[in-house]
Amino acid sequence: KAYKKEEPNVKFVFNANNGNAGVKDVQAGRSAFAIQTRPPVPSDTGTTYAKLFLDGLCIDVNPQNKPDGLQISQVKDIYTTKVTDWSGIPGAGRSGSISVFGRLTTAGLYTFFQSAVLAGESPGTNVTPLDKDGEVAVAVSKNADAIGYVGLANSQPGNGVKRLKLNGQPCEAKAIKSLKYPLSRFGWIVLPTNNPSRIAQRFGDWVRTSYAAGQVLAKAGAVPVFNATKPPKAKKKSKKR
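Since the structure is predicted, the reported quantities are computational estimates derived from the model, not experimental observations.

## A look at the overall build of the protein chain
Stage number 1. When its secondary structure is counted, the protein chain shows 8 helices and 9 strands.
Stage number 2. Seen through its principal axes, the protein chain has C-alpha atoms that stretch 80 × 40 × 30 Å.
Stage number 3. Taken across its 241 residues, the protein chain has 44% of its residues classed as buried.
Stage number 4. Counting only contacts in the protein chain whose residues sit at least 6 apart along the sequence, the fraction spanning at least 24 positions is 69%.
Stage number 5. Here the protein chain has roughly 13,300 Å² of accessible surface; of this, 52% comes from carbon and sulfur atoms.
Stage number 6. Between the centroid of the 34 positive side chains of the protein chain and the centroid of its 16 negative side chains there is a distance of 14 Å.

Here's what the structure looks like:
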C-alpha cells in the first residue's frame with residue numbers, strides 16, 4: 001500500500017503460499033519475486049537473494065506458563081520428543097504433556113528452525129504443523145500447555161502469547177538488531193538470477209532503503225536495518241511568475 005504511493009501503476013498479485021513454495025514459484029517463472037525468511041540453500045538454483053530487513057523467530061508459550069526463558073538445547077529436546085512433559089523443564093511450575101506447534105515444510109521458518117534449533121534433525125511426531133505464522137500464535141494463546149515458534153510480528157502482547165528469552169536474550173528489536181538474540185534472521189527478496197524483473201528490483205530496493213518502508217516495517221513488527229533514518233526533504237514548489 002505504501003509503495004503504491006510511490007509507483008501508482010504497479011500491480012501486485014500476492015500468493016500466500018509460504019517462503020519455500022515461493023522460491024519454487026520464482027524458479028518456475030510463476031512469480032517475479034518471493035519473500036523468504038531463511039538464508040539460501042543449495043536447492044535454490046537459478047535465484048538471487050538480497051537482504052531486506054531483520055526479524056526474530058520467537059519461542060512463545062501461553063501466558064499461564066511460568067518460565068521466562070529457555071536454552072536452545074531445551075527447545076530442541078521439546079521438538080525432538082526428548083522432553084514431552086512440562087515437568088521435565090526446570091522452573092515450569094507445571095506438569096502435563098507439552099502441546100508443540102510448528103510450521104509446514106513449505107515455510108521458510110520451518111527450514112530456518114530445523115537448521116538453527118534442531119541442528120538438521122526433523123521435528124518429532126509430537127509437533128502439530130500449521131500453515132501460517134499467525135495460526136501458531138492463535139494455537140498457543142488457546143492452550144495453556146502449548147509452545148510454538150512465531151515471528152516477532154505475531155509475538156506481540158496483543159496476540160495472547162508470552163515470548164521467552166532464549167539463551168538469556170529477549171526476542172526484542174534491540175537484541176535482534178544487534179544479533180545478540182540467537183534466532184535473529186533476515187528477511188530476503190528472492191529474484192531469478194537471469195532476467196529479473198526491473199519492477200521487482202525497484203520494489204526490493206525501496207523496501208530495503210527507503211525511510212517510508214522502514215516506518216512500515218517497524219510498525220508491522222519487523223526490524224529495519226538498512227533503511228534511511230530521516231524522511232526525505234519535501235521538494236519546494238517553484239513560484240509562478
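## What to know about the environment of K1
Stage number 1. The residue K1 is located in the segment before α1 (2-6) in this model.
Stage number 2. Overall, K1 belongs to the exposed group, its relative accessible area being 87%.
Stage number 3. Separated by 215 residues in the primary sequence, K1 and V216 have C-alpha atoms spaced 9.8 Å apart.

## Quick look at the pairing of strand β5 (residues 127-130)
Stage number 1. In the sheet, strand β4 (residues 99-103) pairs with β5 via 4 bridges, with the strands oriented parallel. Bridge pairing in β5 links V100 to V127.
Stage number 2. Assessed by its sense of winding, the connection that carries the chain from β4 through helix α4 (residues 108-116) to β5 is right-handed.

## Looking at helix α7 (residues 198-209)
Helical periodicity: at 3.6 residues per turn, an α-helix aligns residues three or four positions apart in one direction.
Stage number 1. Spanning 12 residues, α7 covers 16 Å between terminal C-alpha atoms, matching the ideal 16 Å at 1.5 Å per step.
Stage number 2. Taken as a whole, α7 has its buried residues at A200, F203, G204, W206, V207 and R208.
Stage number 3. Contacts from the buried residues of α7 go to α1, β2 (47-61), β9 (184-192) and α8 (211-220).
Stage number 4. Taking the backbone nitrogen of I199 as reference, a side-chain oxygen 3.2 Å away marks S197 as the first, capping residue of α7.

## A few points about helix α5 (residues 133-141)
Stage number 1. For α5, the set of buried residues is D133, V136, A137, A139 and V140. For α5, the angular spread of buried residues about the axis comes to 165 degrees, placing them on one side.
Stage number 2. For α5, the elements touching its buried residues are β2, β4, α4, β5 and β6 (146-151).

## Comments concerning the packing of α7 against α8
To describe two helices that pack against each other, one gives the angle between their axes and the distance between the axes.
Stage number 1. Running from amino to carboxyl end, α7 crosses α8 at an angle of 70 degrees, the nearest separation of the two axes being 6 Å. With respect to each other, α7 and α8 are oriented roughly perpendicular. Where α7 approaches α8, its residues W206, V207 and T209 are matched on the opposing element by Y211, A212, A213 and L217.
Stage number 2. Partitioning the contact of α7 with α8 into residue classes produces 6 nonpolar, 1 polar and no charged.

## Quick notes on the state of the cysteines
Stage number 1. Summed over the entire model, instances satisfying the criterion amount to 1 disulfide.
Stage number 2. There is a disulfide in this structure between C58 and C171, and the S-S distance comes to 2.1 Å. Because the sign of the S-S torsion sets the handedness, a value of about -70 degrees for the bond joining C58 and C171 places this disulfide among the left-handed ones. Of this pair, C58 sits in strand β2 while C171 sits in the loop between β8 (165-166) and α6 (173-177); the two residues are 113 residues apart in sequence, bridging distant segments of the chain.

The rules behind the values
Numbering of residues starts from 1 in every chain and runs along the sequence as written. Totals for whole chains, interfaces and linings use all residues, but because this is a predicted model, local features are given only for residues with pLDDT of at least 70 and pairs of side-chain atoms are given and counted only at 80 or more. For side-chain calculations, the full set of non-hydrogen atoms in the structure is used, while hydrogens and water are omitted. Labels follow the DSSP assignment, with helices taken as runs of H or I lasting at least four residues and strands as runs of E lasting at least two, numbered in each case from the N terminus. Burial status follows relative accessibility: with a 1.4 Å probe on protein chains alone, a residue under 20% of its type maximum counts as buried, one over 50% as exposed, and anything between as partly exposed. We call two residues in contact whenever any of their non-hydrogen atoms come within 4.5 Å of each other. For the area figures, the Shrake-Rupley method with a 1.4 Å probe applies, and any residue is considered shielded solely by the protein chains shown. His is not counted, nor are the chain ends, whereas Lys and Arg count as positive and Asp and Glu as negative. To locate a charge, the coordinates of NZ of Lys, CZ of Arg, CG of Asp or CD of Glu are taken. Strand pairing is defined by DSSP finding a minimum of two bridges between the two strands. When the strands point away from the viewer and the connection leading from the first strand across the helix to the second strand turns clockwise, the crossover is called right-handed. In this scheme, a helix's expected span is set at 1.5 Å multiplied by one less than its residue total. Polar contact criterion, stated in full: a pair of N or O atoms within 3.5 Å, where within protein one must be able to donate a hydrogen and the other to accept it, and residues adjacent in sequence count only if both atoms are side-chain atoms. It is the directions from the helix axis to the C-beta atoms whose arc is reported. Axis definition: a line fit to C-alpha positions, over the contact stretch in the case of helices; interaxial angles, taken between N-to-C directions, run 0 to 180 degrees. An angle below 35 degrees is read as roughly parallel, one above 145 as roughly antiparallel, one from 65 to 115 as roughly perpendicular, and any other as oblique. When residues are sorted by character, Ala, Val, Leu, Ile, Met, Phe, Trp, Tyr, Cys and Pro go into the nonpolar class, Asp, Glu, Lys and Arg into the charged class, and all the rest, Gly among them, into the polar class. Cysteine sulfur atoms that come within 2.5 Å of each other are treated as a disulfide pair.

The values reported here are purely geometric and, on their own, carry no functional implication.
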